[in-house]
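Close look at the chain arrangement
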Amino acid sequence: MITVRSGKPWGHMRSFRKDPLSFLQMAAKYDDEIVSFRLGHKSVKLLVHPSLVKEVLVSKADCFHKSKPFQELEPLLGNGLLLSENPTHQKQRRLIQPSFRPAHIKKYADLMAESTRCFLQDWGEREERWISNDLMELTLEIISQTMLGVDIENGHELVGKPLETVMEIATKRIRSVVRSPKSWGTTDNIAFKQAVDQLDGIVSKIIENRHVNKSNAEDLLGVLIQSQETSTEKMEVEQLRNEVMTILLAGHETTATALTWTMYLLMTNKNIYQKVQAEVDRLCKNDIPAYEEVNHLEYTEKVLLESLRLYPPAWLIGRLAIKEVMIGEYQFKRGQTVMISPYIMQRNSRYFEEPERFNPERFVKGKLQKVPEYVYFPFGGGTRVCIGKHFAMLEAIIVLGALMKNFNFYFNKESIIKADPLITLRLKQGLHAYVERRK
Ligand code: HEM
């Protein structure tokens, strides 16, 4: 383990706030196991060895909680699946998991395809589009249809925008040395509260409507409500709200971001773009890939996996030691903050030849060759592994396949593309492209 010293009272906070990706990449070069540094008064350990990552995420996961910064989202997500700790987490995960089993997800494929078909119908013959925004809208529609059985009219305005406000303000707070109490009437605090209230209103309406009209009882909302009605340990109303909010946020934002990066990578790598389009043209009978066709779109899957390597939306996973624990040969005290970054690990030249190059051929049958476990983990790992992993991959293949089958995309070379590591790894000004309907 090496300690990187700054000599400043605020430690490395300034460099971290200014450009966290470059800062972490620089830090990771000091050592191949653990790099220790200070952010404000807090000591942070960045893990850069896969076996240590595995210990924290898997074998010693019960010695850790989610780290504090994530709790900035607490007013929005409460103790929903993403933020809760045991015993609530275990109980809720058991309840929600069946809705995500691969066999169960099959039936969502038709809904995903139908939402995508309707969405793309409105696109013109030739126009410039704000692709990142489009993908947010589409993935929001898909998650609301599949998991909650609703079509949120004007979803981007009503849900997408307030979610964006919450994420931006939460990121600002995470990066500040001094945070004002949430009760203070600052502009950000007011905007944050208004956004959460707006989202609360929508989620309450979705739940109320379902209580009145008991259709679609088999989707996730149905499962949650049913458990509320029949379980001996009744789920609180608040818990139901938190789970719905969590699924709404976690279930669309990351997938939209992954798809946006993939479109950027494809438009700037024409050979790879053409191979994806050729595969989709050859294997998909209709305009939108059908469930049975998805498994055959091997090259399209490789492209998505490689895009998740270079631009993992969940670029930073944080943990807090809740008791003293040995990680490798190192003793972590209770209260130690630990950072694990898929972005840093997945670009490590120790494991990848030409790590910065977009090369989907690194993957064979959905797996990386000759790379140890926990070097590549865009969906996390252990008991907190992404519950929507299979759902997200299915959705991403269907949406990407549909985009490629129906349109040609041209990158506007004037666009400035820069990664923006908010809570998820976005593109700083989104992604714009010229889009032309294929004949
Ligand atoms: C490309 C898309 C996605 C990526 C890259 C992604 C990534 C992740 C990662 C890395 C975690 C673990 C975070 C941690 O350990 O602190 C996670 C957790 C989670 N994800 Fe995803 N995710 C994606 C899509 C989805 C989708 C589509 C859903 C829901 C439909 C979803 C729901 C969740 C939930 C509820 C958790 C918390 C699980 C728990 O703690 O038990 N995610 N995701």
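Only a predicted model underlies this, so the values are computations on that prediction, with no experimental measurement involved. (Residues numbered from 1 in each chain as written. Predicted model: local features only at pLDDT ≥ 70, side-chain atom pairs only at ≥ 80, totals over all residues. Heavy atoms only, no water.)

In this section: the sheet that holds strand β15 (residues 432-437). Here 3 strands make up an open sheet; going across it, the order is β5-β15-β12 and the pairing antiparallel. The open sheet has two edge strands with one neighbour each: β5 (126-130) and β12 (407-411). The average undirected angle you get between the axes of adjacent strands in this sheet is 30°. Where β5 lies against β15, 5 bridges are found, and the strand directions are antiparallel. Bridged to Glu 128 within β15 is Tyr 434. (Pairing = 2+ DSSP bridges. Helix = DSSP H or I, 4+ residues; strand = E, 2+ residues; numbered from the N terminus. Axes fitted to C-alpha atoms, helices over the stretch in contact; angles between N-to-C directions.)

With that settled, consider helix α13 (residues 270-283). In a regular helix each residue adds 1.5 Å, so 14 residues correspond to 20 Å; α13 covers 20 Å between its end C-alpha atoms and thus fits that length. Within the sequence span of α13, burial applies to Ile 272, Tyr 273, Val 276, Gln 277, Glu 279 and Val 280. Viewed end-on, α13 has its buried residues packed into an arc of 160°, placing them on one side of the element. More than 90 degrees from the buried face of α13, the exposed residues found are Asn 271 and Arg 282. For α13, the elements touching its buried residues are α12 (253-267), α15 (298-310), α17 (389-406) and β12. (Expected span 1.5 Å × (residues − 1). Buried < 20%, exposed > 50% of the residue type's maximum accessible area, 1.4 Å probe, protein only. Arc of directions from axis to C-beta. Contact = heavy atoms within 4.5 Å.)

What follows is about the nonpolar core. Counting 125 residues, the largest nonpolar core has Phe 37 and Phe 409 as the members making the most contacts within it. No other element matches α17, which puts 12 residues into this core. Excluding residues within four positions of it along the chain, Phe 409 makes contact with Trp 123, Ile 131, Met 263, Met 267, Lys 270, Tyr 273, Leu 403, Met 404, Tyr 434 and Val 435. Residues Ile 34, Leu 47, Ala 321 and Phe 377 belong to the second largest nonpolar core, which totals 19 residues. (Core = buried A, V, L, I, M, F, W, Y, C linked by side-chain atoms within 4.5 Å.)

On to the sheet that holds strand β9 (residues 337-340), then. Reading across from one edge, β1-β2-β3-β9-β6-β4 is the order of the 6 strands in this open sheet, with mixed pairing throughout. Of all the strands in the sheet, just β1 (2-3) and β4 (64-66) have a single pairing partner and so form its edges. Docked against the sheet, helix α2 (residues 20-28) engages β2 (34-39), β3 (42-47) and β9, running at close to 135° with respect to β2.

Next up on the list: the UniProt feature "binding site: heme" (unreviewed entry) in the protein chain. Mapped onto this numbering, the UniProt entry gives "binding site: heme" (unreviewed entry) at Cys 386. By the secondary structure assignment, Cys 386 is in the loop between β11 (367-368) and α17. In this structure Cys 386 comes out as partly exposed when scored by relative accessible area, which is 32%. Among all residues touching Cys 386, those that are not within four sequence positions of it are Arg 93 and Phe 379. (UniProt positions renumbered as here; feature names shortened; annotations may be inferred.)

For the structure shown, the criterion picks out 25 salt bridges. When the shortest N-O distance is used, the salt bridge between Asp 197 and Lys 193 registers 2.9 Å. Of this pair, Asp 197 and Lys 193 both sit in helix α9 (residues 187-212), 4 residues apart, roughly one helical turn. Among the residues examined, Asp 197 registers a relative accessible area of 39% and is labelled partly exposed. Here Arg 210 and Asp 219 are joined by a salt bridge, their closest N and O atoms 2.8 Å apart. (Salt bridge = Lys/Arg side-chain N within 4 Å of Asp/Glu carboxyl O.)

This brings us to the pairing of β3. For β2 and β3, the ladder comprises 6 bridges, and the chain directions are antiparallel. The partner of Ile 34 across the bridge, within β3, is Leu 47. Where β2 folds back onto β3 in an antiparallel hairpin, the turn is made up of 2 residues, including Gly 40, whose phi is positive at roughly 60°. Strand direction decides the pairing type here: β3 and β9, joined by 4 bridges, are parallel. Looking at β9, one finds that Leu 47 is bridged to Ile 340.

Let us now look at the state of the cysteines. Scanning all chains against the criterion turns up 0 disulfides. In this structure Cys 118 is not part of a disulfide, and its nearest cysteine sulfur, from Cys 284, lies 18 Å away. (Disulfide = S-S within 2.5 Å.)

So, about the site of the ligand. Residues in contact with the ligand amount to 25 residues; listed here are only the nearest, His 89, Arg 93, Arg 319, Arg 384 and Cys 386. Here Ala 250 contributes a backbone N or O atom positioned 3.4 Å from a nitrogen atom of the ligand. Only α5 (88-96), α12, β6 (317-321) and α17 provide two or more residues apiece to the shell around the ligand. Top contributing element to the shell around the ligand by residue count: α12, with 3 residues. (Near = heavy atom within 4 Å. Polar contact = N/O pair within 3.5 Å; in protein donor to acceptor, adjacent residues only side chain to side chain.)

Bringing the packing of helix α6 (residues 102-121) against α17 into the picture now. Where α6 meets α17, the axes come as close as 9 Å, and the angle between the chain directions of the two elements is 30°. Taken as axis vectors, α6 and α17 run roughly parallel relative to one another. As α6 packs across α17, the resulting crossing turns out to be right-handed. Of α17, the residues touching α6 (which contributes Pro 102, Ile 105, Tyr 108, Ala 109, Met 112, Ala 113, Thr 116 and Leu 120) are His 390, Phe 391, Leu 394, Glu 395, Ile 398, Val 399, Ala 402, Leu 403 and Asn 406. Residues of the contact of α6 with α17, tallied by class, amount to 13 nonpolar, 3 polar and 1 charged. (Parallel < 35°, antiparallel > 145°, perpendicular 65-115°, else oblique. Left-handed = near helix turned anticlockwise from the far one by under 90°. Nonpolar A, V, L, I, M, F, W, Y, C, P; charged D, E, K, R; others polar.)

On to the pairing of β12, then. Among the 5 residues that make up β12, 4 are buried, leaving the element largely enclosed by the rest of the structure. Direction of pairing for β12 relative to β15: antiparallel, over a ladder of 5 bridges. Bridge pairing links Phe 411 to Ala 433 in β15.

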